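Overview (structure and organization)
Listed here are the chains, written in short residue letters.
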Amino acid sequence: EAAETEAAGGVLVMATNAEFPPYEYHDGGEIVGIDAEIAKAIAGELGMELEIEDIAFDSIIPEITSGKADMGLAGMTVTEDRKQSVDFSDTYAKASQKVIVKEDSEIASPDDLAGKIVGVQLGTTGDIYVSDLEADGTTVERYNKGFEAVQALSQGKIDAVVIDGEPAKTFVAQTEGLKILEESFTDEEYAIAVKKGNTELLDKINGALKTLKENGTLDEIVAKYIKA
Ligand code: ARG
């Protein structure tokens, strides 16, 4: 039904998981952040009204494939696997998976994660890549929210957390005694997901993104949330 309202030029439904500062998070009763503002700006370019649906991260792609949401903006990394289920827009940000450990941890690089207990957010690329280490004896603890993994680390229940760099910075700043390892686990790029074959919406989104890149709006939004 979201697809119909979209076609009527009215509402653009965005699926996200607002547990991912500074890209999307709750502030008072509102969902704010880089993705929320990019989505609002895209809706503005298209003369549409934005509606944000906050759901579990691993429900975003199903929500799009079923047509309940028009697009997914969730700091979502482009992967070959996900391209089997959804189409991606042009990329709008570079990112990386980072490792968070306790300040006094013996873990000094991603290579040291073999055999350790590592927390991730369920269904994220952090989950996917750390799960590859299970063959080396690594235990993966999957949490619904990234911050829950960080809290478990802080309480000594797990040895490390693998999560995107920007939320890592935010969470570490909010928690005592943690640090982010310098070496990244992977390098990635974020894009907007739409239903496979919905080239009409994809073209509109890419057109709007191009405008927002060229007129400086995208940089302004990012600068508001990420201090250089
Ligand atoms: N970049 C990672 C991925 O695509 C994590 C994204 C998590 N986003 C969120 N809104 N919780 O898998």
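Rules behind the numbers
Residue indices follow the written sequence of each chain, beginning from 1 at its first position. Where totals are concerned, whole chains, interfaces and linings use all residues; where local detail is concerned, this predicted model gives features only for residues with pLDDT of at least 70, and gives and counts side-chain atom pairs only at 80 or more. Heavy atoms throughout the structure, all of them, feed into the side-chain values; hydrogens and water do not. A pair is scored as a salt bridge if a Lys or Arg side-chain nitrogen falls within 4 Å of a carboxyl oxygen belonging to Asp or Glu. Strands are runs of DSSP state E lasting at least 2 residues, helices are runs of H or I lasting at least 4, and numbering of each runs from the N terminus. When a residue's accessible area, from a 1.4 Å probe over protein chains only, is under 20% of the maximum for its type it is buried; when over 50% it is exposed; and in between it is partly exposed. A score from 0 to 100, pLDDT tells how confident the predictor is in each residue. Throughout, a residue-residue contact means that at least one pair of heavy atoms, one from each residue, lies within 4.5 Å. Proximity is defined per residue: any heavy atom of the residue falling within 4 Å of a molecule or strand makes that residue near it. We call two N or O atoms a polar contact when they sit within 3.5 Å, provided that within protein one can donate a hydrogen and the other can accept it, with sequence-adjacent residues counted only if both atoms are side-chain atoms. We get accessible surface area from the Shrake-Rupley algorithm with a probe of 1.4 Å; when it comes to residues, only the shown protein chains can shield them. Ten residue types, Ala, Val, Leu, Ile, Met, Phe, Trp, Tyr, Cys and Pro, are classed as nonpolar, four, Asp, Glu, Lys and Arg, as charged, and the remainder, Gly among them, as polar. A pair of strands is labelled paired if DSSP reports no fewer than 2 bridges between them. Axis definition: a line fitted to C-alpha atoms, limited for helices to the stretch in contact. Angles are taken between N-to-C directions and run from 0 to 180 degrees. Roughly parallel means an angle under 35 degrees; roughly antiparallel means over 145; roughly perpendicular covers 65 to 115; every other angle is labelled oblique. By convention the crossing between two helices is left-handed if the near helix lies anticlockwise of the far one by an angle smaller than a right angle, and right-handed if it lies clockwise. Using only the protein atoms, space was sampled on a 1 Å grid; points where a 1.4 Å probe fits but cannot get out form cavities, open sets with protein on both sides within 12 Å along at least five of seven lines form pockets, and lining residues are those with an atom within 4 Å of a point. Grid points are joined across faces, edges and corners, and a volume is the space filled by probe spheres set on the points.

This part takes up the pattern of salt bridges. Counting across every chain of the model gives eleven salt bridges. The partner of E19 in a salt bridge is K145, with the nearest N and O atoms 3.8 Å apart. Note that E19 is positioned in strand 2 (residues 19-20) and K145 in the loop between strand 10 (139-143) and helix 6 (146-154), a separation of 126 residues in sequence. Taking relative accessible area as the criterion, K145 reaches 35% and is therefore assigned partly exposed. We note a salt bridge from D127 to R142, for which the minimum N-O separation is 2.8 Å.

Mean pLDDT over the chain stands at 95; residues scoring 70 or higher make up 96%. Confidence drops under pLDDT 50 across residues 1-7; counting only partners more than four residues distant or on other chains, this segment forms 16 contacts. With a pTM of 0.94, the predicted complex shows an ipTM of 0.98.

With that settled, the discussion passes to the site of the ligand. Taken together, 15 residues are adjacent to the ligand, and A74, T77, R82, T125 and D164 come closest. The side chain of N17 places a nitrogen or oxygen atom 2.8 Å from a nitrogen atom of the ligand. Contacts to the ligand include T125, whose backbone N or O atom sits 2.7 Å from an oxygen atom. Its free accessible area being 350 Å², the ligand has 100% of it covered by the protein chains. The residue inventory of the shell around the ligand, partitioned by class, reads five nonpolar, six polar and four charged.

A few words on the sheet that holds strand 2. Sheet architecture is open: three strands sit in the order 2-3-4, paired in antiparallel fashion. Edge positions in the sheet fall to strand 2 and strand 4 (30-32), since each of these pairs with one other strand and no more.

This paragraph deals with the packing of helix 2 (residues 34-45) against helix 9 (residues 217-225). Following both chains from N to C, one finds helix 2 and helix 9 inclined at 155 degrees, their axes separated by 9 Å at the closest point. Taken together, the axes of helix 2 and helix 9 are roughly antiparallel relative to one another. Crossing of helix 2 over helix 9 shows right-handed handedness. On helix 9, the residues that touch I34, E37 and I38 of helix 2 are L218, I221, V222, K224 and Y225. Along the lines of polarity and charge, the residues of the contact of helix 2 with helix 9 split into six nonpolar, no polar and two charged.

Right, let's talk about the side chain of T79 for a bit. Looking at where T79 falls in the secondary structure, it is placed in the loop between strand 6 (71-72) and helix 4 (80-83). Setting aside its immediate chain neighbours within four residues, T79 contacts F88, T125 and Y129.

Okay, the pairing of strand 3 (residues 24-27) next. Residues in a regular strand point their side chains to alternate faces of the sheet. For strand 2 and strand 3, the ladder comprises two bridges, and the chain directions are antiparallel. Of the residues in strand 3, the one forming a bridge with E19 is Y25. Taken together, strand 2 and the strand that follows it, strand 3, pair antiparallel across an intervening segment of three residues. Pairing of strand 3 with strand 4 involves three bridges; the strand directions are antiparallel. Note on strand 4: the bridge partner recorded for D27 is E30. In sequence, strand 3 turns back onto strand 4 through a hairpin of two residues, with G28 there showing a positive phi of about 65 degrees.

For the structure shown, the criterion picks out two cavities of 30 Å³ or more. Put simply, the largest cavity is a space of about 70 Å³. Lining the largest cavity we find N17, F20, F57, A74, G75, T77, R82, Q121, T124, T125 and D164. In the lining of the largest cavity, the residues fall into three nonpolar, six polar and two charged. Of the pockets and cavities examined, the second largest cavity occupies roughly 30 Å³. Lining the second largest cavity are Q97, V120, Q121, T124, G126, V162, I163 and D164. When contributions to the lining of the second largest cavity are tallied by element, the ones reaching two or more residues are strand 9 (117-121) and strand 11 (160-164). Looking at the lining of the second largest cavity, the element that brings in the most residues is strand 11, giving three residues. Residues that form the lining of the second largest cavity fall into these classes: three nonpolar, four polar and one charged.

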